[in-house]
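Below, each chain spelled out in residue letters.
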Amino acid sequence: MKALVYHGPGLKSWEDVPDATVDEPTDVVVRVDTTTICGTDLHILGGDVAAVTDGRILGHEAVGTVVAVGEAVKGFAVGDRVLVPAITRCGRCSYCQAGMPSHCQTVGGVGWILGHLIDGTQAELVRVPYADTSLYLVPDGVSDEQAIFLADSLPTGYEVGVLAGRVRPGQTVAVVGAGAVGLAAVLTTGLWGASKVIAIDSNRFRLDKALEFGATDVVEVGPDTVAEVIALTDGLGVDVAIEAVGYPQTLLTAAALVRPGGRIANVGVHGAPVELPMQDLWIHNVTLTMGLVDTVSIPTLLTMVASGKIPAEKMGTHSFTFDQIDEAYDVFKNAAANSALKVILRP
Ligand SMILES: NC(=O)c1ccc[n+]([C@@H]2O[C@H](COP(=O)([O-])OP(=O)(O)OC[C@H]3O[C@@H](n4cnc5c(N)ncnc54)[C@H](O)[C@@H]3O)[C@@H](O)[C@H]2O)c1
Ligand SMILES: [Zn+2]
Ligand SMILES: [Zn+2]
């Protein structure tokens, strides 16, 4: 089969590798019909994720068709159309039972293993361990182009941004970074009745998308970003500041936007330490949350996509075939110049 193989920082190639196979009785093999690229893949290629080593197939999002099933798998059969989420889980360890499969102890102590600790989804075939507890059947009314964004971006913006930030009716929210994850937070913040949702980015196209996705205001990044956002609130800042970029500067921006008693929900993947103004934050009773997505909101989000409440398909702006994957990475990496949000990759 063909797959996108990581060969160290800045290096990747679409090359021939051995076919994915059922190695454990709880595995299935999925033929990848649709995959995409995540901001985290760019962090990996930037050398920010040390656990990803030379030879690893990248990618942790897919919609596909089951083509082989291990003998212990009860819930899936050959031919099923499934969503392969970013998190793999055993369903039985204490973290899985507590609803935090992001730290499934059985699959490796961290639930994000695809395209990280084991081979991933930017390939013609992918092996999915613990298939019964990890995969989701895609309902008939939901297209591949909608379901693919439920593998990671939508649950991440919702769980690590909106739910962790405890957005409540009437509150004000700022989202720093209007990539797919930030926009997912914008889309799902509305579900909790936020009165004001302010999207902040340097990319004009994505700010326009943010308005389309329910932002009430947008701020283009510049020297007055913080002052502009404070002016849009009542002079005190927002109740919830969601960071969806992953740089020290953007976390500091989120910290500067939050009002006393507010919450900073960090979603971005950081590759370096960040020095926070603790001398201001402590006396403002600010809460800071962070974490890896659990993807446990997928059933809820699938229902809302099927009912038309969440227009997930609007996340996809460009389509490529697998053999154009280098071009797809270039377009995604240079998103501003290409008016790109998420790219769709199909065989
Ligand atoms: N916590 C998790 O479980 C989890 C899961 C998936 C992704 N992530 C992380 O979430 C972040 C966003 O992912 P994505 O796929 O949307 O990435 P992305 O690269 O598509 O989006 C990032 C956005 O940030 C904007 N940006 C860059 N510098 C900025 C600045 N100084 N101020 C404001 N905006 C700025 C970019 O223009 C872009 O629109 C990444 O760090 C990714 O690794 C975390
Ligand atoms: Zn991701
Ligand atoms: Zn587990």
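One numbering rule holds for all chains: residues counted from 1, following each sequence as written. Chain letters start at A and ligand numbers start at 1, both assigned in the order the entries are written. With pLDDT at 70 or above as the cut-off, local features in this predicted model cover only qualifying residues; side-chain atom pairs require 80 or more to be listed or tallied, and sums for whole chains, interfaces and linings still use all residues.

## Comments concerning the overall build of the chain
Okay, so step 1: Under the scheme used here, helices are H or I runs from DSSP no shorter than 4 residues and strands are E runs no shorter than 2 residues, and both carry numbers assigned from the N terminus. When helices and strands are counted, the chain shows 13 helices and 15 strands.
Okay, so step 2: Taking 20 Å as the expected radius of gyration for a compact globule of 347 residues, we find that the chain reaches 20 Å, a close match to that expectation.
Okay, so step 3: Across its three principal directions, the C-alpha atoms of the chain cover 60 × 40 × 40 Å.
Okay, so step 4: Our exposure labels follow a C-beta count within 10 Å of each residue's own C-beta, placed from the backbone: buried means 20 or more other C-beta atoms, exposed means 12 or fewer, and partly exposed covers the counts in between. Per-residue burial for the chain yields a buried fraction of 51% across its 347 residues.
Okay, so step 5: The long-range share in the chain, meaning contacts at least 24 apart out of those at least 6 apart in sequence, stands at 69%. All radius of gyration figures rest on C-alpha atoms, and the globule criterion is 2.2 Å times the number of residues raised to 0.38. C-beta atoms are first placed from the backbone for all residues, and any pair lying within 7 Å is then listed as a contact.

## Focus: the site of ligand 1
Okay, so step 1: Near residues are defined by distance alone, with the backbone-placed C-beta atom required to lie within 6 Å of the molecule or strand. Within the structure, ligand 1 sits among 30 residues, and Gly-39, Gly-177, Gly-179, Gly-246 and Val-269 are positioned closest to it.
Okay, so step 2: Mapped onto the shell around ligand 1, the elements with two or more residues apiece are α1 (39-45), α5 (153-163), α6 (180-189), β9 (196-201) and α9 (248-257).
Okay, so step 3: Domain start and stop points were drawn from an automatic or database domain assignment. Counting contributing residues per domain, the shell around ligand 1 is built from domain 1 (2-152 + 295-346) and domain 2 (156-290), each supplying no fewer than three.

## Examining the packing of helix α8 (residues 225-232) against α9
Okay, so step 1: Between α8 and α9, the least distance of the axes is 10 Å, while the angle of their chain directions is 30°. Comparing their axes, α9 and α8 come out roughly parallel. Here α8 runs over α9; the crossing is right-handed. Across from Thr-225, Val-226 and Val-229 in α8, the residues of α9 making contact are Thr-253, Ala-256 and Leu-257.
Okay, so step 2: Split into classes, the residues belonging to the contact of α8 with α9 amount to four nonpolar, two polar and no charged. To get an axis, fit a line to the C-alpha atoms, keeping to the stretch in contact for a helix; angles then go from 0 to 180 degrees between the N-to-C directions. Angular relationships are summarised with four words: roughly parallel below 35 degrees, roughly antiparallel beyond 145, roughly perpendicular across 65 to 115, and oblique for the angles in between. Throughout, a crossing is termed right-handed when the near helix is turned clockwise from the far one, and left-handed when it is turned anticlockwise from it by less than a right angle. Polar here means any residue outside two lists: the nonpolar Ala, Val, Leu, Ile, Met, Phe, Trp, Tyr, Cys and Pro, and the charged Asp, Glu, Lys and Arg; Gly therefore counts as polar.

## What to know about unusual backbone geometry
Okay, so step 1: In this structure, Tyr-130 is a non-glycine residue whose phi angle is positive, near 45°.
Okay, so step 2: Checked against the element boundaries, Tyr-130 lands in the loop between β6 (125-128) and α3 (131-134).
Okay, so step 3: Among the residues examined, Tyr-130 registers 26 C-beta atoms within 10 Å and is labelled buried.

## So, the sheet that holds strand β12 (residues 258-266)
Okay, so step 1: Sheet architecture is open: six strands sit in the order β10-β9-β8-β11-β12-β13, paired in parallel fashion. Single-partner strands in this sheet number two, and they are β10 (217-220) and β13 (287-290). On average, adjacent strands in this sheet sit at an angle of 15° to one another, irrespective of strand direction.
Okay, so step 2: Pairing between two strands requires that DSSP report at least two bridges joining them. Inspection of the sheet shows strand β8 (residues 172-176) paired to β9 by five bridges, in the parallel sense. Bridge pairing links Ala-174 to Ile-198 in β9.

## Observations regarding the domain arrangement of the chain
Okay, so step 1: Entries for the chain in the domain assignment read domain 1 (2-152 + 295-346) and domain 2 (156-290).
Okay, so step 2: Computed from C-alpha atoms alone, the centre-to-centre distance between domain 1 and domain 2 is 27 Å.
Okay, so step 3: Contacts between the two partners involve 16 residues from domain 1 and, on the opposite side, 15 residues from domain 2.
Okay, so step 4: Of all the elements in the fold, those that place two or more residues in the side of domain 1 that touches domain 2 are α1 and α13 (335-338).
Okay, so step 5: Ranked by the residues each element gives to the side of domain 1 that touches domain 2, the list is headed by α1, at three residues.
Okay, so step 6: Of the residues contributing to the side of domain 1 that touches domain 2, the split by class is six nonpolar, six polar and four charged.

## Some details on the nonpolar core
Okay, so step 1: Ranked by internal contacts, the top residues of the largest apolar core, which has 112 residues, are Leu-150, Ala-174, Val-175, Ala-199 and Ile-242.
Okay, so step 2: For this core, the element with the highest residue contribution is α6, accounting for seven residues.
Okay, so step 3: Composition of this core by domain shows at least three residues from each of domain 1 (2-152 + 295-346) and domain 2 (156-290). Joining buried Ala, Val, Leu, Ile, Met, Phe, Trp, Tyr and Cys residues through C-beta atoms within 7 Å gives a set, and that set is a nonpolar core.

## Overview of the environment of Val-245
Okay, so step 1: Inspection of the secondary structure assignment puts Val-245 in the loop between β11 (238-243) and α9.
Okay, so step 2: Overall, the presence of 27 C-beta atoms within 10 Å leaves Val-245 in the buried class.
Okay, so step 3: Spatially, the C-alpha atoms of Val-245 and Ala-68 are 37 Å apart, while their sequence positions differ by 177 residues.
Okay, so step 4: Beyond its immediate chain neighbours, meaning those up to four positions away, Val-245 contacts Val-176, Gly-177, Thr-250 and Gly-268.

## Description of the packing of α5 against α6
Okay, so step 1: For the pair α5 and α6, interaxial distance at closest approach is 7 Å and the crossing angle is 65°. As judged from the angle between their axes, α5 and α6 are roughly perpendicular. Between α5 and α6 lies a crossing whose hand is right-handed. In this structure, α5 uses Ser-153, Leu-154, Thr-156, Gly-157, Tyr-158, Gly-161 and Val-162 to contact α6, whose residues at the interface are Ala-180, Val-181, Gly-182, Ala-184, Ala-185, Thr-188 and Thr-189.
Okay, so step 2: Considered class by class, the residues forming the contact of α5 with α6 number seven nonpolar, seven polar and no charged.

## Things to note about α9
Okay, so step 1: Within the span of α9, buried status applies to Thr-250, Leu-251, Thr-253, Ala-254, Ala-255 and Leu-257.
Okay, so step 2: In the core, the buried residues of α9 are packed alongside β8, α8, β11, β12 and α10 (278-281).

## What to know about the pairing of strand β1 (residues 2-6)
Moving residue by residue along a regular strand, the side chains alternate between the two faces of the sheet.
Okay, so step 1: For β1, the tally of buried residues reaches four of five residues, placing the bulk of the element in the interior.
Okay, so step 2: The sheet contact formed by β1 and strand β2 (residues 12-16) spans five bridges and is antiparallel. By the bridge assignment for β2, Val-5 is matched with Ser-13.
Okay, so step 3: Between β1 and β2, which pair antiparallel one after the other, the connecting turn spans five residues, and Gly-8 there sits at a positive phi close to 105°.

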